[in-house]
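Below, each chain spelled out in residue letters.
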Amino acid sequence: MPTTVPEAFDLTGQVALVTGSSSELGIGFASARLLGQFGASVMVTGTTGRAAARAEELNSEGITASSHVADLMDPEAARGLVEATEATFGKLDILVNNAGLASVNSPERPNPLMAMTDDEWALALRRNLDSAFFVTRAALPGMVERGYGRIVNVASTAGILTAYTGDVGYHTAKAAMLGMTRSVAVDFAAHGVTANVVVPGWIATAAQLPSEVAAGKATPMGRSATAAEVAAGVAFLATPGASYITGTTLAIDGGNSIAGAKTAEPEQVS
């Protein structure tokens, strides 16, 4: 790690867990890499063996990293992930809740409230809200005991700042992430723990559809964001310099939510 990292951004000696970080081109892995470049040891995780490959990649870059496979819709698996992080690195200072499923519905295949089944509703919440709740619940005791913690939740402009047709489950889960973040912020500020939420808009990842590329071009910035640009916001909120920032919402959408909705297509988040 370069020795020129300013103290406000220096994460030397800290440990970060980034969920949903096994995709090579995703927000989670970009965040894990940047946190590692700032000096943190990083636990990479996903639902498949890809996580091990990402950890090896970080290690080859001089970042201390390990991996763990877990289905975070299972509360026991979420607890096991936190325990594995603490067992590997001795503690957990930074939690980035990035795991979730990008919306798969579109105007051509809408799933509005009247059409959504009980199982579809429950699955949307489990994938995009419960997973973050389970991991946060497991991580908080150690942070409170040590009097320090950074929690960064990755949600979406969808449901918080914007909306599109036919995806009530995804919108609801992402909006609920904001409420959970604010609750954690006020409950644990006195214990040295901050909680903030990042809300990306259109993001250029490997899974981005042509219609989503077009929607990115319709933003005021004229393009989709890169995963690295979202990671910069995530990493800042995880640094010592962000010690007085808690309960806030950071939109990384190229100004799209200001200008208003440009399309009715779903947003690519993670």
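Only a predicted model underlies this, so the values are computations on that prediction, with no experimental measurement involved. (Residues numbered from 1 in each chain as written. Predicted model: local features only at pLDDT ≥ 70, side-chain atom pairs only at ≥ 80, totals over all residues. Heavy atoms only, no water.)

Draft legend 1. Up close: the side chain of Arg-54. Within the fold, Arg-54 resides in helix 2 (residues 50-60). In contact with Arg-54, other than residues within four places in its own chain, are Ser-21, Ser-22, Ser-23, Glu-24, Phe-29 and Val-44. (Helix = DSSP H or I, 4+ residues; strand = E, 2+ residues; numbered from the N terminus. Contact = heavy atoms within 4.5 Å.)

Draft legend 2. Summary view of the pairing of strand 4 (residues 94-97). Residues of strand 4 alternate between two faces, with Ile-94 and Val-96 on one and Leu-95 and Asn-97 on the opposite face, all of them buried. Bridge count for strand 1 (residues 15-18) against strand 4 is three bridges, and the pairing is parallel. Bridging from a neighbouring strand, Ala-16 pairs with Ile-94 of strand 4. (Buried < 20%, exposed > 50% of the residue type's maximum accessible area, 1.4 Å probe, protein only. Pairing = 2+ DSSP bridges.)

Draft legend 3. Seen up close, the packing of helix 4 (residues 118-146) against helix 5 (residues 168-188). Two numbers describe how helix 4 lies on helix 5: the axes approach to 8 Å, and their chain directions differ by 15 degrees. Our classification of the angle between helix 4 and helix 5 gives roughly parallel. Along this stretch, helix 4 crosses helix 5, giving a crossing that reads as right-handed. Of the residues in helix 5, those in contact with Trp-121, Ala-124, Leu-125, Asn-128, Leu-129, Ala-132, Phe-133, Thr-136, Leu-140 and Val-144 of helix 4 are Val-168, Gly-169, Tyr-170, Thr-172, Ala-173, Lys-174, Ala-176, Met-177, Met-180, Val-184 and Phe-188. (Axes fitted to C-alpha atoms, helices over the stretch in contact; angles between N-to-C directions. Parallel < 35°, antiparallel > 145°, perpendicular 65-115°, else oblique. Left-handed = near helix turned anticlockwise from the far one by under 90°.)

Draft legend 4. Here's a closer look at the sheet that holds strand 1. Reading across from one edge, 3-2-1-4-5-6-9 is the order of the seven strands in this open sheet, with parallel pairing throughout. Every other strand in the sheet has two partners, leaving strand 3 (65-69) and strand 9 (249-252) as the edge strands with one partner each. On average, adjacent strands in this sheet sit at an angle of 20 degrees to one another, irrespective of strand direction. In the sheet, strand 5 (residues 149-154) pairs with strand 6 (residues 193-200) via six bridges, with the strands oriented parallel.

Draft legend 5. Layout of the pattern of salt bridges. Counted according to the given criterion, the structure contains six salt bridges. Note that Arg-54 and Glu-57 form a salt bridge whose closest N and O atoms lie 3.4 Å from each other. Within this pair, Arg-54 and its partner Glu-57 are both found in helix 2, separated by three residues, close to a single helical turn. Two residues, Asp-93 and Lys-91, come together in a salt bridge whose shortest N-O distance is 3.3 Å. The partly exposed category is assigned to Lys-91, whose relative accessible area is 24%. One network of salt bridges, with partners in common, ties together Arg-33, Arg-54, Glu-57 and Glu-61. (Salt bridge = Lys/Arg side-chain N within 4 Å of Asp/Glu carboxyl O.)

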